[in-house]
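# Notes for the structure review
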Amino acid sequence: GNSVTQMEGPVTLSEEAFLTINCTYTATGYPSLFWYVQYPGEGLQLLLKATKADDKGSNKGFEATYRKETTSFHLEKGSVQVSDSAVYFCALSGGDYKLSFGAGTTVTVRA
Amino acid sequence: NAGVTQTPKFQVLKTGQSMTLQCAQDMNHNSMYWYRQDPGMGLRLIYYSASEGTTDKGEVPNGYNVSRLNKREFSLRLESAAPSQTSVYFCASSPDGYEQYFGPGTRLTVT
């Protein structure tokens, strides 16, 4: 079946540091890949997506590239802010109407 | 657009009581979902509705029932609440069965 493995946290960074959260997946066929962000006390928000190999999703300074050869979809941001403190979830959809989520990575950015 | 709305935001129940969580979306999406989120367990799918008129079990359906009332609304019912159902419940919708859009959540405590 489909599964997602993402880097365990928590991750603590200083403002303006570079952020990488690793995500790898197992799936049959050609899944769509997503990153969601959850701020404290809120629901999940779709941060970015990629639907085919070599696609790059980007939003709010975050980027992730769909790498089929390494089955990865790592999230990166070049300069984080305190407001980026949140839980980040990698997810995939294999077209069966369901999302498979990673366990989530808690990111704390200190001023 | 309000997106996905959920009511109530907070609820406290005694063991054995029943209640219905309401969810509505105004994006004309075909698919709708119910998840629960527990510390250390990530997001787990309870039930989903791929399209109006259909519902299917997810990963953790025991103790819950759902109704897809119409295209907009998807409710989750707890017939006899148990402390193990203390959780945060999220509703989501999807236009195509791939990316999903989440509501703000209902925080349920069962004593």
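Located above this text is the structure these notes cover.
Below or above, wherever it landed, is the structure these notes cover.

Cut-offs and rules
- Going along each chain's sequence as written, the residues are numbered from 1 onward.
- Each chain takes a letter, starting from A, and each ligand takes a number, starting from 1, following the order in which they are written.
- Restriction of local features to residues with pLDDT of at least 70 applies here, the model being predicted, together with a cutoff of 80 or more for giving and counting side-chain atom pairs; totals for whole chains, interfaces and linings are based on all residues.
- Just so you know, side-chain values use all the structure's heavy atoms and leave hydrogens and water out.
- Any Lys or Arg side-chain nitrogen found within 4 Å of a carboxyl oxygen on Asp or Glu counts as a salt bridge.
- When a residue's accessible area, from a 1.4 Å probe over protein chains only, is under 20% of the maximum for its type it is buried; when over 50% it is exposed; and in between it is partly exposed.
- By definition, any uninterrupted DSSP run of H or I lasting at least four residues is a helix, any uninterrupted run of E lasting at least two residues is a strand, and each is numbered from the N terminus.
- We call two residues contacting when some pair of their heavy atoms lies within 4.5 Å.
- By definition, the buried area sums, over both parts, the 1.4 Å-probe accessible area that each loses when the two are put together.
- Within 3.5 Å is the distance limit for a polar contact, defined as a pair of N or O atoms, with the added protein rule that one can donate a hydrogen and the other accept it, and that residues adjacent in sequence qualify only through two side-chain atoms.
- Note on aromatic contacts: the rings of Phe and Tyr and the six-membered ring of Trp form a pair at centre separations within 6.5 Å, being stacked when their planes are under 30 degrees apart, edge-to-face when over 60 apart, and tilted otherwise.
- Paired strands, in this sense, are two strands between which DSSP finds at least two bridges.
- The axes are straight lines fitted to the C-alpha atoms, using for helices just the contacting stretch, and the angles between their N-to-C directions are given from 0 to 180°.

This brings us to the pattern of salt bridges. Opposite charge on two side chains permits them to pair, given that their charged atoms come into close proximity. Applying the stated criterion to the full structure yields 7 salt bridges over all chains. Between Lys52 of chain A and Asp55 of chain A there is a salt bridge, and its shortest N-O distance comes to 3.3 Å. On the basis of relative accessibility, which here comes to 51%, the residue Lys52 of chain A falls in the exposed class. Between Lys77 of chain A and Asp84 of chain A there is a salt bridge, with the nearest N and O atoms lying 2.8 Å from each other. The exposure class assigned to Lys77 of chain A is buried, which follows from its relative accessible area of 10%. On the basis of relative accessibility, which here comes to 6%, the residue Asp84 of chain A falls in the buried class. Among the charged side chains, a salt-bridge network with shared partners connects Arg36, Asp38 and Arg44 of chain B.

So, about the environment of Leu33 of chain A. All names here are of chain A. Note on placement: Leu33 falls in strand 5 (residues 32–38). Residue Leu33 is classed as buried on the basis of its relative accessible area of 0%. When the C-alpha positions of Leu33 and Leu48 are compared, they lie 8.6 Å apart, and in sequence the two are 15 residues distant. The residues contacting Leu33, other than those within four sequence positions of it, are Tyr25, Leu48, Lys49, Ala50, Tyr66, Ser72, Phe73, Ala91 and Leu92.

Turning next to the interface of chain A and chain B. Many authors give the size of an interface as the accessible area that is lost as the parts come together. Across the contact, 18 residues belong to chain A and 19 residues belong to chain B. When the buried surface of chain A facing chain B is broken down by residue, Leu44, Tyr97 and Lys98 of chain A rank first, second and third, together holding 35% of it. The tally of links between chain A and chain B comes to 1 salt bridge. A salt bridge links Lys49 of chain A to Glu99 of chain B; the nearest nitrogen and oxygen atoms lie 2.3 Å apart. Here chain A is connected to chain B by 6 residue pairs in polar contact (both at pLDDT 80 or more). Those elements that provide at least two residues to the side of chain A that touches chain B are strand 5, strand 6 (44–50), strand 10 (86–93) and strand 11 (99–101) of chain A. With 4 residues, the top contributor of residues to the side of chain A that touches chain B is strand 5 of chain A.

Our next topic: the packing of aromatic side chains. By the definition in use, this model includes 12 aromatic pairs over all chains. Plain terms: the ring middles of Tyr36 of chain A and Phe101 of chain A are 6.0 Å apart, the flat faces sit at 55° to each other, and that makes the pair tilted. A residue pair is termed long-range when its members are at least 10 positions apart, and Tyr36 of chain A in strand 5 and Phe101 of chain A in strand 11 qualify at 65 residues. Taking relative accessible area as the criterion, Tyr36 of chain A reaches 0% and is therefore assigned buried. According to the relative accessible area criterion, Phe101 of chain A is buried, its value standing at 15%. Grouping aromatic residues by their ring pairs yields a cluster made of Phe34, Tyr36, Phe89 and Phe101 of chain A together with Tyr33, Tyr35, Tyr48 and Phe102 of chain B.

As a further point, take the side chain of Thr105 of chain A. Residues and elements named next belong to chain A. With respect to the element layout, Thr105 can be found in strand 12 (residues 105–110). Its relative accessible area of 0% is what places Thr105 among the buried residues. In this structure the side chain of Thr105 is engaged in a polar contact, spanning 2.9 Å, whose partner is the side chain of Gln6. Once you skip the residues sitting within four places of it in the chain, Thr105 turns out to touch Gln6, Met7, Gly9, Val11, Ile21, Ala86, Val87 and Tyr88.

All names here are of chain B. Here 4 strands make up an open sheet; going across it, the order is 1-3-8-7 and the pairing antiparallel. At either end of the open sheet lies a strand with only one pairing partner, and these are strand 1 (4–7) and strand 7 (64–68). Here the strands of the sheet are splayed against their neighbours by 20° on average, with no regard to which way each runs. In this structure, strand 3 (residues 19–25) lies alongside strand 8 (residues 74–78), joined through 3 bridges in antiparallel fashion. Each bridged residue has a counterpart across the sheet, and for Thr20 the counterpart in strand 8 is Arg77.

Bear in mind that shape data such as this cannot, by itself, settle questions of function.
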